[in-house]
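Chain residues, written in single-letter form:
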Amino acid sequence: MIYLDHAATTPLHPRVLEAMAPYLKDAYGNPSSVHTPGRRIRFAVDESRERVAAALGAEPGEIIFTSGATESINTGIRSALVASEGVLVTSGLEHKAVLRVAEYLETKRRAVRYVTPTSDGDITLEAVEDAAGAGAGAVALMWVNNETGRATPVRAVSGFCRSRKIPFYCDAVQAVLLMDVNLAEAGPDMLSLSAHKLYGPKGVGLLYVRGGTDFTPLIRGGAQERNRRGGTENVPGIIGFAEALALAVEERDSRREHVAALHVRARNALRQALDGPVVFHSPDPERQTGSPHILSVGFPPVRRAIDGEMLLLNLDVEGIYLSGGSACTSGAVEPSHVLRAMGVERETAEATLRISFGTQNTEEEVDRAVEAIAAVVRRLRN
Ligand code: PLP
């Protein structure tokens, strides 16, 4: 099998599994219990919080562990808007977790303004400034897009938001693996991560809340996470998350180099292998304007359009696993909202593959995958 879907999820790193194992077996105490086994677990959770904070250049008190990025996004955006009456500024390129929250807020008569991307699908500082205009209550933008790998100029947007005192929420799920998201200097006021995108376990994430930022919890209950997120902590998940994040920082440069080389190889090989048109929705890694682990490639129609589902199914039969440019929404197959918001034609968006590379992928795998993709595209075009 050739797994090229690391933007969807990553395998658990053996070092992460090893770190988690004791907490799945004998170390099962509840960190809120006052007895010795409970206190031991509390210590391990606190230590993980310190490791995570150190990896991000944050303070331990700024980290709230959650069940994943979706919860962090819901909590962060709603918290930002509780504190203000203003408009939510976001973009049509965000993850559904952000867009669904924005749509919900609109039903509650909260105004939402969408930043207009460039024709390449980039969000620029100028476009954010335009959309913010007067009356912005919060800005919510992702750091790296999960379908294209394109990056938002987050440091510049942070500076702008700070100068205007607008809380800035950032979804950094796809950024943290290969980019420096150090928060010690200028950066977002709130940020979310999900462990399973960085060789950690599923069902655990975090919300970073910069010291001094107004915060209102979404999940109320026990006093966990300093009264900011009720519910017994996912202890093995938190331990694994801390290990995975430490590893990500340790290995960031070598991982980026490895993955960028595979991306460039695939890009060049696809261009050569296909006789018909090919379009890349991801930036060239040499331009360093995004994260190289994602290569989104579209196959515009020649005589007729390519059926995106058939494309994926044919590759699945060959043992090549990746994602497409369409998704099943309410029973109907719809082209990716991200590609459509970037202005990609519907038929090309549907006939798009998102290839996402991981640390274990090899050049041979990339060559085999490209060969198979070219053969399937040729077959479906004829
Ligand atoms: N944001 C981005 C950019 C993502 O890629 C994902 C994962 O699909 C999420 C948010 C949601 O993460 P989770 O499903 O772990 O909550």
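Shown above is the structure to which this text applies.
Below: a short report on this structure. (Residues numbered from 1 in each chain as written. Predicted model: local features only at pLDDT ≥ 70, side-chain atom pairs only at ≥ 80, totals over all residues. Heavy atoms only, no water.)

So, the sheet that holds strand β12 (residues 323-324)
Our working rule: Strands were regarded as paired on the criterion that DSSP finds at least two bridges between them. Secondary structure elements are taken from DSSP: a helix is a run of H or I of four residues or more, a strand is a run of E of two residues or more, and numbering for both begins at the N terminus. Here, two residues are considered to be in contact whenever any of their heavy atoms come within 4.5 Å of each other. Axes, fitted as lines to C-alpha atoms, cover a helix only where it is in contact. Angles between the N-to-C directions of the axes lie from 0 to 180 degrees.
Within the open sheet, the four strands sit side by side as β9-β10-β15-β12. Their pairing is antiparallel. Both outer strands of the open sheet, β9 (279-280) and β12, are each paired with one neighbouring strand and no more. One ladder, built from two bridges, connects β9 with strand β10 (residues 294-298); its direction is antiparallel. Across the sheet, Phe 280 pairs through a bridge with Val 297, a residue of β10. Helix α9 (residues 252-273) contacts β9, β10 and β15 (352-356) of the sheet and is inclined by roughly 15° relative to β10.

Quick notes on the pairing of strand β7 (residues 190-194)
Rules: Partly exposed residues are those whose accessible area sits between 20% and 50% of the maximum for their type, while under 20% is buried and over 50% is exposed, using a 1.4 Å probe and protein chains only.
Where burial is concerned, most of β7 is hidden: five out of the five residues are buried. Residues Met 190, Ser 192 and Ser 194 point to one face of β7 and Leu 191 and Leu 193 to the other, with burial holding for every one of them. In the sheet, strand β6 (residues 168-171) pairs with β7 via three bridges, with the strands oriented parallel. Note on β7: the bridge partner recorded for Tyr 169 is Met 190.

A closer look at helix α10 (residues 308-317)
Test applied: Arc, as used here, means the arc of the directions from the helix axis to the C-beta atoms. Definition of a polar contact: a pair of N or O atoms within 3.5 Å, with one able to donate and the other able to accept a hydrogen when the atoms are protein atoms, and with sequence-neighbouring residues admitted only if both atoms are side-chain atoms.
Within the sequence span of α10, burial applies to Gly 308, Leu 311, Asn 314 and Leu 315. All buried residues of α10 fall inside an arc of 130° around its axis, so they share one side. Away from its buried face, by an angle of more than 90 degrees, α10 presents the exposed residues Leu 313 and Val 317. In this structure, the buried residues of α10 make contact with β11 (320-321), α12 (346-350), β15 and α13 (363-381). With a side-chain oxygen lying 2.9 Å from the backbone nitrogen of Glu 309, the N-terminal cap of α10 falls on Asp 307. Immediately downstream of α10, the backbone of Gly 319 shows phi near 80°, a positive value.

What about the pattern of salt bridges?
Short version of the rule: A pairing counts as a salt bridge when a side-chain nitrogen of Lys or Arg comes within 4 Å of a carboxyl oxygen of Asp or Glu.
Per the counting criterion, the structure on display carries 18 salt bridges. Across the pair Arg 49 and Glu 225 runs a salt bridge, and its minimum N-O distance is 2.7 Å. A residue pair is termed long-range when its members are at least 10 positions apart, and Arg 49 in helix α2 (residues 36-56) and Glu 225 in helix α7 (residues 224-227) qualify at 176 residues. You can call Glu 225 buried: its relative accessible area is 5%. The partner of Arg 255 in a salt bridge is Glu 251, and the shortest N-O contact between them spans 3.1 Å. Residue classification places Glu 251 among the partly exposed positions, given a relative accessible area of 27%. Put simply, Arg 15, Arg 51, Glu 243 and Glu 250 are held in one network by salt bridges that share partners.

Notes on the site of the ligand
Which entries qualify depends on this criterion: Any residue with a heavy atom positioned within 4 Å of a molecule or strand is treated as near that molecule or strand. In this description, accessible areas are obtained by the Shrake-Rupley approach with a 1.4 Å probe, and a residue is regarded as covered only by the protein chains that are shown. Side-chain classes are defined by residue name, with Ala, Val, Leu, Ile, Met, Phe, Trp, Tyr, Cys and Pro counting as nonpolar, Asp, Glu, Lys and Arg as charged, and the others, Gly among them, as polar.
The environment of the ligand is formed by 13 residues, the closest being Thr 70, Asp 171, Ser 194, His 196 and Lys 197. Separating an oxygen atom of the ligand from a side-chain N or O atom of Gln 174 is a distance of 2.9 Å. At a separation of 2.9 Å, an oxygen atom of the ligand approaches a polar side-chain atom of His 196. Calculation on the ligand without its partners gives an accessible area of 400 Å², and the protein chains cover 83% of this total. Broken down by element, the shell around the ligand gets its largest block of residues, three residues, from helix α3 (residues 69-82). Taken together, the residues of the shell around the ligand sort by class into four nonpolar, seven polar and two charged.

Notes on the sheet that holds strand β4 (residues 112-115)
An order of β2-β8-β7-β6-β5-β3-β4 is seen for the seven strands of this open sheet, with the pairing classed as mixed. Across the chains shown, the open sheet's two edge strands, defined by having one partner strand only, are β2 (63-66) and β4. Between one strand axis and the next, the sheet turns through 20° on average, direction left out of account. Pairing between β7 and strand β8 (residues 205-209): five bridges, direction antiparallel.

Examining unusual backbone geometry
Within the chain, Tyr 199 stands out as a residue other than glycine whose phi angle is a positive 65°. We note that Gln 288 has phi near 55°; this positive angle belongs to a residue other than glycine. By secondary structure assignment, the location of Gln 288 is in the loop between β9 and β10.

Digging into the packing of aromatic side chains
Stated formally: Stacked, edge-to-face and tilted labels apply to pairs of Phe, Tyr and Trp rings (six-membered ring for Trp) whose centres lie within 6.5 Å, assigned for plane angles under 30 degrees, over 60, and everything in between, in that order.
The tally for this structure, following the rule as stated, stands at one aromatic pair. Summarising the aromatic geometry, the rings of Phe 65 and Phe 241 are spaced 6.3 Å apart at their centres and angled 65° between planes, so their arrangement reads as edge-to-face. Note that Phe 65 is positioned in strand β2 and Phe 241 in helix α8 (residues 235-250), a separation of 176 residues in sequence. Here the two residues Phe 65 and Phe 241 agree in accessibility, since each one is buried.

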